[in-house]
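The chain contents come next:
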Amino acid sequence: MEYIRDILEDETDCKWIYEGLLGLAEAYLEVDAGTAAFTMNDMRAWLAELNRLDALRRGRWEDLKRRLRL
């Protein structure tokens, strides 16, 4: 996750990075709900960026938001 976050510093307009971060976060939550690698606010911010960068798939991001209980 740290590696992907490092990439995010240089590539803030790449939706794939946010999707990757959310995918990893979801996996972390299944394995270790108390992880300190990210916060729920981080996840909300990543999802907001996905909504901004890929508005045509807004329904997909809303489904992800419900699934992750954000």
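Is there a simple way to think about helix α3 (residues 40–53) in this case?
An α-helix turns once every 3.6 residues. As a result, residues three or four positions apart point the same way. Here α3 is 14 residues long and its end C-alpha atoms lie 20 Å apart, about the 20 Å a rise of 1.5 Å per residue gives. Listing the buried residues of α3 in full gives Met43, Trp46, Leu47, Leu50 and Asn51. The buried residues of α3 all sit within an arc of 145° when viewed along its axis, so they share a single face. On its buried side, α3 packs onto α1 (2–10), α2 (15–31) and α4 (58–67).

Hey, could you run me through a negative patch on the surface in this one?
Residues Glu2, Asp6, Glu9, Asp10 and Glu11 make up a contiguous surface patch of negative charge. Within the element layout of this structure, Asp10 appears in helix α1.

What exactly am I supposed to notice about the nonpolar core here?
Generally speaking, nonpolar side chains in soluble globular proteins are found buried as a group. Leu22, Met43, Trp46 and Leu47 are the most contacted members of the largest nonpolar core, which has 16 residues in total. Of all the secondary structure elements, the ones that give two or more residues to this core are α2, α3 and α4. Residue contributions to this core peak at five residues, all from α2. Leave out the neighbours within four places in its chain, and Met43 touches Leu22, Ala25, Leu29, Phe38, Leu68 and Leu70.

Cut-off values and rules
Residues numbered from 1 in each chain as written. Predicted model: local features only at pLDDT ≥ 70, side-chain atom pairs only at ≥ 80, totals over all residues. Heavy atoms only, no water. Helix = DSSP H or I, 4+ residues; strand = E, 2+ residues; numbered from the N terminus. Expected span 1.5 Å × (residues − 1). Buried < 20%, exposed > 50% of the residue type's maximum accessible area, 1.4 Å probe, protein only. Arc of directions from axis to C-beta. Contact = heavy atoms within 4.5 Å. Patch = residues over 30% accessible without salt bridge, like charges linked within 9 Å, V, L, I, M, F, W, Y side chains within 5 Å. Areas by Shrake-Rupley, 256 points an atom, 1.4 Å probe, with all protein chains shown as cover. Salt bridge = Lys/Arg side-chain N within 4 Å of Asp/Glu carboxyl O. Lys, Arg positive; Asp, Glu negative; His and termini not counted. Charge placed at Lys NZ, Arg CZ, Asp CG, Glu CD. Core = buried A, V, L, I, M, F, W, Y, C linked by side-chain atoms within 4.5 Å.

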